[in-house]
Amino acid sequence: MIRTMPRSRGTALGLKLYVILYFIFLFAPLLVTCILAFNDSQFPSLPWKGFTVEWFTGDKPDRLGIFHDQINIDSIWVSIRVAFFVTLLSLGVGTCGAFLFEQEQFPGKQAFYFLMISPLVIPGVILGISILMFSTTLGVFFENHWGLDVALFRPGFWLVVLGQFSFIATLVTLVVSARLKKFDRSLEEAAMNLGASRFEVIWHITLRFLKPAIIGSGAVAFLMSFENFNTSLFLVGSEATLPINLYLQVRDGSTPVINAISFLLIVGTSMLALLNLYFSKKKD
Amino acid sequence: MDKNGMHDRLRWGLLLFLTPVFLWLVLLIVLPQIDLLIMSFRVESGYGDSSWSLYNYRQFFEEPIYWLTFVRTAVYSVLVTFLTFVVALPVAFYITKVVHPRFQGFLTVLLLLPFWVSELVRVYGWMILLRESGVINHFLLRMGLLQQPVEMLYQDATMIMGLVYTSMLFMVVPLISALESLDNSLIEAAYDLGANMGSILYKIIIPHATPGIVSGSIVVFMLTLGNYLTPNLMGGKNSLWFTEQIYNQFIASFNWNQGSAFGFLLLFLSSVIVWLGLKLTRQNLRKVVQ
Amino acid sequence: MMQIDLSVQHVLKRFGDFTAVNDISFDVESGRFFSILGPSGCGKTTLLRMIAGLAELDSGRIEIRGKDMAGISPNRRPVNLIFQNLALFPMMDVGANIAFGLQRRGESKSGIREKVSAILDRVDLAGFESKRIDQLSGGQKQRVAIARCLVLEPAVLLLDEPLGALDLKLREQMKVELKKLQAKVGTTFVYITHDQSEALVMSDYVAVMNHGEFEQIDTPQNLYSRPQTPFVAQFVGDNNAWSGTIRNCEGTVGEIETDDGFHFRSELHQPLPVGAAVDLFLRPESMLIQPDPSLPDLNRFEVVVRSTLFDGANSRLLVHPVNAETELLVALPQTHQYDYIQKDDTIEIGWATPSGICFPK
Ligand SMILES: Nc1ncnc2c1ncn2[C@@H]1O[C@H](COP(=O)(O)OP(=O)(O)OP(=O)(O)O)[C@@H](O)[C@H]1O
Ligand SMILES: [Mg+2]
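The residue numbers shown here count from 1 along each chain, following its written sequence. Here every chain gets a letter starting at A, and every ligand a number starting at 1, in the order they are written. The predicted origin of the model limits local features to residues at a pLDDT of at least 70 and limits the giving and counting of side-chain atom pairs to 80 or more, whereas totals for whole chains, interfaces and linings rest on all residues. Heavy atoms from the whole structure form the basis of all side-chain values; hydrogens and water molecules are not counted.

### Notes on the overall build of chain A
Each helix corresponds to a stretch of at least 4 residues labelled H or I by DSSP, and each strand to a stretch of at least 2 residues labelled E; elements are numbered beginning at the N terminus. The helix and strand inventory of chain A stands at ten helices and two strands. Element order for chain A, N to C, with α for helix and β for strand: α-α-β-β-α-α-α-α-α-α-α-α. The C-alpha atoms of chain A give a radius of gyration of 24 Å, which is well past the 19 Å a tight globule of 284 residues would have. Principal axes of the C-alpha set define a box for chain A whose edges measure 75 × 70 × 35 Å. Buried positions account for 55% of the 284 residues belonging to chain A. Residue pairs in contact within chain A that sit at least 24 positions apart in sequence constitute 65% of those at least 6 positions apart. Surface accessibility follows the Shrake-Rupley procedure with a 1.4 Å probe radius. Residue values consider only the protein chains on display as shielding. Only carbon and sulfur atoms are counted for the fraction: they give 70% of the accessible area of chain A, which is about 12500 Å². None of His or the chain ends enter the tally, which takes Lys and Arg as positive and Asp and Glu as negative. One atom stands in for each charge, and that atom is NZ of Lys, CZ of Arg, CG of Asp or CD of Glu. A distance of 14 Å separates the average location of the 21 positive side-chain charges in chain A from that of its 18 negative side-chain charges. Only C-alpha atoms enter the radius of gyration; for comparison, a globular chain is expected to reach 2.2 Å times N to the power 0.38, where N is the number of residues. Only protein chains enter the accessibility calculation, which uses a 1.4 Å probe; a residue whose area is less than 20% of its type maximum is buried, one above 50% is exposed, and one in between is partly exposed. In what follows, a contact means two residues having at least one pair of non-hydrogen atoms within 4.5 Å.

Quick look at the structure:
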């Protein structure tokens, strides 16, 4: 039944059929979404009424394509900005975390490590509400004691960034740590011996060694942030991110514009995924 | 670097690395969780001031709708985890052990591709497939298999399927890496010694893949328990998920104390089940994470 | 007098209660090839790391070209180290590896390019600038590592068993190349190894190290022919060993009764009292097979051949004395003169008084 063994026809065929069905199950919703983005109909459903790209380019009020739909475009822009800052922050702090847990010794390291991985075990919704509440508590405290009204403590752009960062940083830390584990520390000593200062050693040797892991986890961090819903749900202010915005539209009835957006997302993320894969393959 | 030799430098480095990590964990994880816990033990008295009380937790146990949702969520999450495993195992097995190595990489990529796409898009895809005016109904009516369109969305079974679909990735990937490390000759030897498919599965494959199964299950369970989108968009009006209760308390009723209690209960539940899972299979979290 | 490039004085290093380097002192003159030879774990790497500044001394003093190195961090010391595993930077190509140190000094781009190509020429790797590290063979990596250090023109180049990772054939070849290279560039080399043949072939001076201490610092010839401690006698080259007692002593020649009952006359190098317990060492090539009966002053005895250990020019006979179980190695010159010797033959062995190496216990 494994490829090195003679196998019985029946089980082999059954397994193959199962895997084919599985892949249909996997791709059916995505394919249907993409196809219906081009249906010349007011609703994302069959029957097929002909091919159109108006859900992308249309500018009439009843056929407002995504390229003219300011609300959705705004939310995409918000999501990109959020993802950018989350990626930046997570890479910075996550890389520090990797150095901290792989190369430094300090009392309480073990406990601190468990704290670092705990965001993986805390549901995203709870991260969202706890950060919302804590920031409100801080906001009230600042207001009462110093009469300060700090915008950061109210739901909004930066709170979404912080909320997503709180668990994406764990992912970056783990990925970068895994690579740092494979680093031969005598390379650092060699660099120092050749005249590099501690800072130059980290910059030219260690970080360069970590580069593939940093780029890879950065791409994943960007996507995770771009698609995050659970944590952001509680932290958004007036600027909705794309998933939140789409959610509101899907919940209250939908038009093929959503299919158009989905189509762009599917194509975009697939390209990013393949690119990422291509580069990680090339590295090996 | 020699520890004695580079003492000052090391301390300096430690501080540089520790500070951001410390700020992150304390400000965004520890203190908010403590705040959550404190809030759940307080009630507003109506005039803006609040006092300590177990009221929020009493409320949870006294209102059947709350604890029933809680139990439903827990039971369904376990069910989803199990189903995900059952669905994913043959696929992982096929890809690692059966298919020609030439297609292995391609199939793996194909397998992961849908999960790079936002969960919302995937759920939306299911919605336009399954709803009353959806694609599947359209075809069934066309073929004459149905006289009347049926609503396939907004049912528990659909919701469970959606949850399985959503979390599939996190089961398939650890399973594939676990099975990849399983030496083919073990299966051959077992076969040679007279074992059949079933006993090979139970005696060889599953024991070997246990670490992968456990880590996959934990992640799937966690994500299912904390999922909001899929139950909300695919589940029926009376098949509430516990995260929706939390949302209602926070956003609709604006009762943050009650919401905190719910949040804390959910956190407690997930920690207990993860801990139980680890204990039962004698794994530890550190290993599972890696 | 020649300039002293490296001076190590009373250097001591402990790890917990374990003393890895125990009060070591030595000087290396400019342009010398100086080796430190010792068994694995004797503290060689530790000593080298202290010279390079990668480990702190517990006490003692290290001077390079007369300048005290205390408190000078590794990146400011005029020494370079070739690591046991070479530590080439895999994320850079050959050119970038060699340019690394020059860039740290802020040298100009064109100057760097010239120096890199000149040094690659030196180590016979001209035109290798853009090769990746994993495209190089073991011997080429070796030379890149050396070039990467030499391009900085260090006062002293430290080498930590750089040939350890190579296979035997390549090692033999690199030994000669390294020696030639050192002669060509004239940089002071401090070379550590646990392979006595490497040390003997390449070095001007060799220090034999054991348990964190130097047993003897000498020229290779002297180490071989005049070992000053039993450890050196056994570690450098092969030796046959007996233990015995002084029965008679005239000047520096003594009569020794070995524990298995032989009476030998041997050079003592120093007067010893009658009754003193001694170790007696004898090189395999000091023993003559079937010596001419006319030769005077030979210690002669009969042995039984156990087996022939054929190893080309280095072939030996494994024998034991007729009435004893001690195993002895006897050099077997490949001149066909001794082809008649068979297993279990009894033959006569003789050795001359000055060949004996004797130490009091
Ligand atoms: N950082 C350290 N902490 C504790 N003990 C150490 C440390 N570094 C080395 N040692 C000990 O010091 C002794 C000498 O080590 P060193 O690496 O100098 O040996 P070596 O002569 O280079 O051996 P080899 O030929 O195997 O490389 C060893 O017994 C080793 O266990
Ligand atoms: Mg060593």
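### Quick word on helix α8 (residues 198–227) of chain A
Expected helix span is computed as 1.5 Å times (number of residues minus one). For α8(A), spanning 30 residues, the distance from its first C-alpha to its last is only 38 Å, which falls clearly below the expected 44 Å at 1.5 Å a residue. Values of bend correspond, residue by residue, to the angle between axes fitted over the seven residues ending at that residue and the seven starting there. The largest bend along α8(A) measures about 50 degrees and falls at A:Lys211, with the proline A:Pro212 one to four residues further on.

### Quick word on the sheet that holds strand β1 (residues 4–15) of chain C
Working definition: the strands of a sheet are paired by backbone hydrogen bonds and lie parallel or antiparallel to each other. Residue and element names in this part refer to chain C. Here, a strand pair is defined by DSSP locating no fewer than two bridges between the strands. Strand order across the open sheet formed by four strands is β2-β1-β4-β5, with antiparallel pairing between neighbours. The two strands at the open ends of the sheet, each matched to only one other strand, are β2 (18–29) and β5 (67–68). Of the pairings in the sheet, the one linking β1 to β2 comprises eight bridges and is antiparallel in character. Bridging from a neighbouring strand, lysine 13 pairs with valine 21 of β2. Every axis in this analysis is a line fitted to C-alpha atoms, fitted for helices over the stretch in contact. Angles between the N-to-C directions lie between 0 and 180 degrees. Sheet strands touched by helix α1 (residues 44–52): β1, β2 and β4 (59–64). Its angle to β2, the strand with the most contacts, is close to 60 degrees.

### Digging into the domain arrangement of chain C
Residues and elements named next belong to chain C. Splitting chain C by domain gives domain 1 (4–234) and domain 2 (238–360). As used throughout, domain bounds are those supplied by an automatic or database domain assignment. With centres defined by C-alpha atoms, the gap from domain 1 to domain 2 works out at 39 Å. With nine residues of domain 1 at the contact, the number on the domain 2 side is eight residues. Of the roughly 770 Å² buried at the junction of domain 1 and domain 2 (both faces included), carbon and sulfur atoms supply 56%. For the domain 1 face of the interface with domain 2, the top three residues by lost area are Tyr224, Pro230 and Ala233, together amounting to 57%. Basic side-chain nitrogens of Lys or Arg form a salt bridge, by our definition, when they fall within 4 Å of a carboxyl oxygen of Asp or Glu. Our enumeration of links across domain 1 and domain 2 arrives at zero salt bridges. A 3.5 Å cut-off defines polar contacts: any pair of N or O atoms within that distance qualifies, except that in protein one atom must be a possible hydrogen donor and the other a possible acceptor, and neighbouring residues in sequence count only when both atoms are side-chain atoms. Inspection of the region where domain 1 meets domain 2 yields three residue pairs in polar contact (both at pLDDT 80 or more). Each of two parts loses accessible area, computed with a 1.4 Å probe, when they are put together; buried area is these two losses added.

### Side note on unusual backbone geometry
Residue and element names in this part refer to chain C. In the Ramachandran plot, histidine 10 falls in the positive-phi region, its phi being about 50 degrees despite a non-glycine side chain. Relative to the elements of secondary structure, histidine 10 occurs in strand β1. Of note, the phi angle at aspartate 124 is positive, near 60 degrees, even though the residue is not glycine. Along the chain, aspartate 124 turns up in the loop between α3 (109–122) and α4 (138–150).

### Considering the side chain of C:Glu198
All names here are of chain C. With respect to the secondary-structure elements, glutamate 198 resides in helix α6 (residues 196–202). Despite being buried, glutamate 198 has no salt bridge partner; arginine 171 is the closest side chain of opposite charge, sitting 4.0 Å away. Setting aside residues up to four positions removed in sequence, glutamate 198 forms contacts with Leu163, Arg171, Lys175, Tyr191 and Thr193.

### Looking at the nonpolar core
Within this scheme, the nonpolar core is defined by two criteria: the residues are buried Ala, Val, Leu, Ile, Met, Phe, Trp, Tyr or Cys, and they are joined through side-chain atoms within 4.5 Å. Counting residues in hydrophobic clusters, the biggest one holds 237 residues, and the most contacted among them are B:Trp24, C:Leu6, C:Phe26, C:Ile36 and C:Phe89. At 14 residues, helix α3 (residues 64–98) of chain B tops the list of elements feeding residues into this core. Leaving out residues up to four positions away in the same chain, C:Leu6 has contacts with C:Phe26, C:Asp27, C:Val28, C:Ile51, C:Ile62, C:Glu63, C:Ile64, C:Val156 and C:Val190. The next biggest cluster of nonpolar side chains, apart from the first, holds 27 residues, and it includes C:Phe262, C:Phe264, C:Ile349 and C:Trp351.

### Description of the interface of chain B and chain A
Residue-level contacts link 96 residues of chain B with 96 residues of chain A. When chain B packs against chain A, the two sides together hide about 8800 Å² of surface, and 78% of this comes from carbon and sulfur. The three residues of chain B that bury the most area against chain A are B:Phe17, B:Trp24 and B:Trp116, which together make up 10% of that side's buried surface. Put simply, chain B and chain A have zero salt bridges between them. Counting the contacts that link chain B with chain A gives eleven residue pairs in polar contact (both at pLDDT 80 or more). Top contributing element to the side of chain B that touches chain A by residue count: helix α1 (residues 7–40) of chain B, with 24 residues. Partitioned by chemical class, the residues of the side of chain B that touches chain A number 69 nonpolar, 18 polar and nine charged. Lys, Arg, Asp and Glu make up the charged group, whereas Ala, Val, Leu, Ile, Met, Phe, Trp, Tyr, Cys and Pro make up the nonpolar group; the residues left over, Gly among them, are polar.

### Regarding the confidence of the model for chain C
Detail in the predicted coordinates should be disregarded across regions flagged by low pLDDT. What pLDDT expresses is the predictor's confidence in each residue, scored from 0 to 100. In the predicted model, chain C carries a mean pLDDT of 89, and 100% of its residues have values of at least 70. The complex model carries a pTM of 0.80, and its ipTM stands at 0.85.

### Things to note about the site of ligand 1
Residues and elements named next belong to chain C. Around ligand 1, the surrounding shell consists of Phe15, Phe18, Ala20, Ser40, Gly41, Cys42, Gly43, Lys44, Thr45, Thr46, Gln84 and Glu161. In this structure, an oxygen atom belonging to ligand 1 sits 3.0 Å away from a main-chain N or O atom of glycine 43. In this structure, an oxygen atom belonging to ligand 1 sits 2.5 Å away from a side-chain N or O atom of threonine 46. For ligand 1, the protein covers 60% of the area, taking 630 Å² as the surface of the free molecule. Those elements that provide at least two residues to the shell around ligand 1 are β2 and α1. Proximity criterion: a residue is near a molecule or strand once any of its heavy atoms comes within 4 Å of it.

### Topic: the environment of C:Val21
All names here are of chain C. With respect to the element layout, valine 21 can be found in strand β2. The exposure class assigned to valine 21 is buried, which follows from its relative accessible area of 0%. Placed 293 residues apart in sequence, valine 21 and asparagine 314 show a C-alpha to C-alpha distance of 35 Å. Contacts of valine 21, omitting those with residues within four sequence positions, involve Val11, Leu12, Lys13, Gly43, Thr46, Leu47, Met50, Met209 and Gly212.

### Things to note about the packing of aromatic side chains
Each aromatic pair joins two rings of Phe, Tyr and Trp (for Trp, the six-membered one) with centres within 6.5 Å, and gets the label stacked for planes under 30 degrees apart, edge-to-face for over 60, and tilted for any other angle. All chains considered together, the criterion is met by 54 aromatic pairs over all chains. Summarising the aromatic geometry, the rings of B:Phe254 and B:Trp256 are spaced 5.6 Å apart at their centres and angled 50 degrees between planes, so their arrangement reads as tilted. The exposure class of B:Phe254 is exposed, given its relative accessible area of 60%. Measuring from centroid to centroid gives 5.0 Å for C:Phe26 and C:Phe34, while their planes differ by 5 degrees, and the two rings are stacked. You'll find C:Phe26 and C:Phe34 in the same group, each marked buried. Grouped by ring-pair contacts, the aromatic residues A:Phe229, A:Phe234, A:Tyr247, B:Tyr228, B:Tyr247, B:Phe250, B:Phe254 and B:Trp256 constitute a single cluster. The positively charged end of A:Arg179 is found above the aromatic ring belonging to A:Phe209, 4.1 Å away from the centroid. Here, a charge over a ring is recorded when the distance from Lys NZ or Arg CZ to the ring centre is within 6 Å and its angle to the ring normal is within 35 degrees.

### As for the pairing of strand β7 (residues 156–160) of chain C
All names here are of chain C. Burial within β7 is extensive, with five of its five residues counted as buried. Here β7 shows a buried face lined by Val156, Leu158 and Asp160 and a second buried face lined by Leu157 and Leu159. Relative to strand β8 (residues 188–193), β7 runs parallel, the two being bridged by five bridges. Bridge pairing in β8 places leucine 159 opposite tyrosine 191.

### Considerations on the sheet that holds strand β10 (residues 213–218) of chain C
Residue and element names in this part refer to chain C. Spatial strand order, β6-β7-β8-β3-β9-β10: six strands in an open sheet with mixed pairing. Strands at the two margins of the open sheet, each flanked by one partner only, are β6 (79–82) and β10. Going from strand to strand, the sheet's axes swing by 20 degrees on average, the running direction of each strand aside. Across the sheet, helix α5 (residues 168–185) lies against β3 (33–37), β7 and β8, angled at about 140 degrees from β3, the strand it touches most.

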